[in-house]
Amino acid sequence: MKNKMLVKVLSVAMLVTMLFSFSGCETKKAIEFVNQTTEVMNAIQTENSNLQTEVLNFNTALQTDPASVDVSSIISVIEKLEEQYKKLGEIETPKVASDVKPMFEEASSKALEAFAIYKEEFSGFDPSILDDDTAAATFVERLLEGDALLEESSKKLTEAGNKLTEIAK
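Residues numbered from 1 in each chain as written. Predicted model: local features only at pLDDT ≥ 70, side-chain atom pairs only at ≥ 80, totals over all residues. Heavy atoms only, no water.

### A few points about the overall build of the protein chain
Right, so step 1: When its secondary structure is counted, the protein chain shows five helices and zero strands.
Right, so step 2: In the protein chain, the succession of helices and strands from N to C terminus is α-α-α-α-α.
Right, so step 3: Among the 169 residues that make up the protein chain, the fraction classed as buried is 43%.
Right, so step 4: Relative to all contacts within the protein chain whose residues are 6 or more apart in sequence, the contacts with residues 24 or more apart total 77%.
Right, so step 5: Element-wise, carbon and sulfur atoms account for 52% of the exposed surface of the protein chain, whose accessible area totals about 8,800 Å². (Helix = DSSP H or I, 4+ residues; strand = E, 2+ residues; numbered from the N terminus. Buried < 20%, exposed > 50% of the residue type's maximum accessible area, 1.4 Å probe, protein only. Contact = heavy atoms within 4.5 Å. Areas by Shrake-Rupley, 256 points an atom, 1.4 Å probe, with all protein chains shown as cover.)

### Concerning the nonpolar core
Right, so step 1: Ranked by size, the top nonpolar core spans 39 residues in total, and within it Phe58, Leu88 and Phe122 carry the most contacts.
Right, so step 2: Put simply, the parts of the chain that give this core at least two residues each are α2 (28-64), α3 (72-90), α4 (101-123) and α5 (133-168).
Right, so step 3: When sequence neighbours within four positions are dropped, the list of residues in contact with Leu88 reads Val40, Met41, Phe104, Ala107 and Leu157. (Core = buried A, V, L, I, M, F, W, Y, C linked by side-chain atoms within 4.5 Å.)

### So, the packing of α3 against α4
Right, so step 1: For the pair α3 and α4, the least separation of the axes is 8 Å and the interaxial angle reads 160°. Put simply, α3 runs roughly antiparallel to α4. Classified by chirality, the crossing of α4 by α3 is left-handed. (Axes fitted to C-alpha atoms, helices over the stretch in contact; angles between N-to-C directions. Parallel < 35°, antiparallel > 145°, perpendicular 65-115°, else oblique. Left-handed = near helix turned anticlockwise from the far one by under 90°.)

These values are about where atoms sit, not about what they do.
See below:
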């Protein structure tokens, strides 16, 4: 849930496109790979932005009127992100980019673990936990666990982008 993730997602999408335009690879599988990756990365970027907006709305509601907190929109965006990260892990890679497949799979796996934590915590969220220091600390701790997993996912996306850059040279 960090801005760095958006930059990394865009970078990978651009590198995938560059990879095949520079290498001159025109196979159907390579073109499909570029199109699928670009589509998924664009969707991830959009939903990451939506998630940031929803988290800001959540925080604002907590500060102004905790009883009005509605986590359904956060959960909805998380579910859309889950769908895109599943697609990312399932993208078929052409032979020239086969080293990237495990990176996409790991990025997908880590992100899905993070989203499972977020959904669990937000699904069970009750504003009254803020009155209980232990419960509030546990809630925050679990969200930070999710953040750490999402950061690992982001690092794998960066690694994939770096690998695609190497291939494109």
